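Spelled out from the first residue to the last, the chains are:
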Amino acid sequence: MADSEERLQSILSVLQECQTGLVECASAEAAHLLALAILEIRIKLNRVSDLELKALCDAIIGDHSQEAEETPLHRQRWRPVLKVVK
């Protein structure tokens, strides 16, 4: 198991470097896709359960919905970036 985690840490490091390079080259969409891959690896490494992730997503969506009600410029509801799929 430790070998697998070390490998994921190594991959994570490379992906983060690639993401930084993409941001510097103004490739925002590609950098965003790598950010999602980085997030997925971090979730796995930190053993975040589906329930914990769903609670976090719900809390983030709730916070953004509250902001949208408070400021007229942000009336539009935030579209979730992540979906928990079983």
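Asker: Could you give an account of the nonpolar core, with specific residues and numbers?
Answerer: Within the largest apolar cluster, seven residues are counted, these being L8, L12, L15, L34, I38, I41 and L45. If you list the elements that add at least two residues to this core, you get α1 (2-24) and α2 (28-45). The biggest single contributor to this core is α2, with four residues. In this structure I41 touches L8, I11, L12 and L15, once residues within four positions along its chain are discounted.

Asker: How would you sum up the confidence of the model for the chain? Please name residues and give values.
Answerer: Averaged over every residue, the pLDDT of the chain is 82; residues scoring 70 or more account for 71%. Taking the mean pLDDT of every element in the chain, the minimum, 77, falls on helix α3 (residues 50-70) and the maximum, 94, on α1.

Asker: I'd like a rundown of the packing of α1 against α2, residues and numbers included.
Answerer: Interhelical geometry of α1 versus α2 gives an angle of 160° and a closest axis separation of 9 Å. It follows that α1 is roughly antiparallel to α2 by the angle criterion. For the pair α1 and α2, the crossing hand works out as left-handed. Contacts between α1 and α2 pair E5, L8, Q9, I11, L12, L15, Q16, C18, Q19, L22 and V23 from the former with A30, A31, L34, A35, A37, I38, I41, R42, K44 and L45 from the latter. Residue composition of the contact of α1 with α2, grouped by class: 15 nonpolar, three polar and three charged.

Asker: Can you break down unusual backbone geometry residue by residue, with the values?
Answerer: Its identity is not glycine, yet A26 carries a phi of approximately 60°, on the positive side. Here A26 shows up in the loop between α1 and α2. Among the residues examined, A26 registers a relative accessible area of 67% and is labelled exposed. The backbone of R47 shows a phi angle near 55°, a positive value even though the residue is not glycine. Mapped onto the fold, R47 is located in the loop between α2 and α3. The exposure class assigned to R47 is exposed, which follows from its relative accessible area of 55%.

What counts as what
Residues numbered from 1 in each chain as written. Predicted model: local features only at pLDDT ≥ 70, side-chain atom pairs only at ≥ 80, totals over all residues. Heavy atoms only, no water. Core = buried A, V, L, I, M, F, W, Y, C linked by side-chain atoms within 4.5 Å. Buried < 20%, exposed > 50% of the residue type's maximum accessible area, 1.4 Å probe, protein only. Helix = DSSP H or I, 4+ residues; strand = E, 2+ residues; numbered from the N terminus. Contact = heavy atoms within 4.5 Å. pLDDT = per-residue confidence, 0-100. Axes fitted to C-alpha atoms, helices over the stretch in contact; angles between N-to-C directions. Parallel < 35°, antiparallel > 145°, perpendicular 65-115°, else oblique. Left-handed = near helix turned anticlockwise from the far one by under 90°. Nonpolar A, V, L, I, M, F, W, Y, C, P; charged D, E, K, R; others polar.

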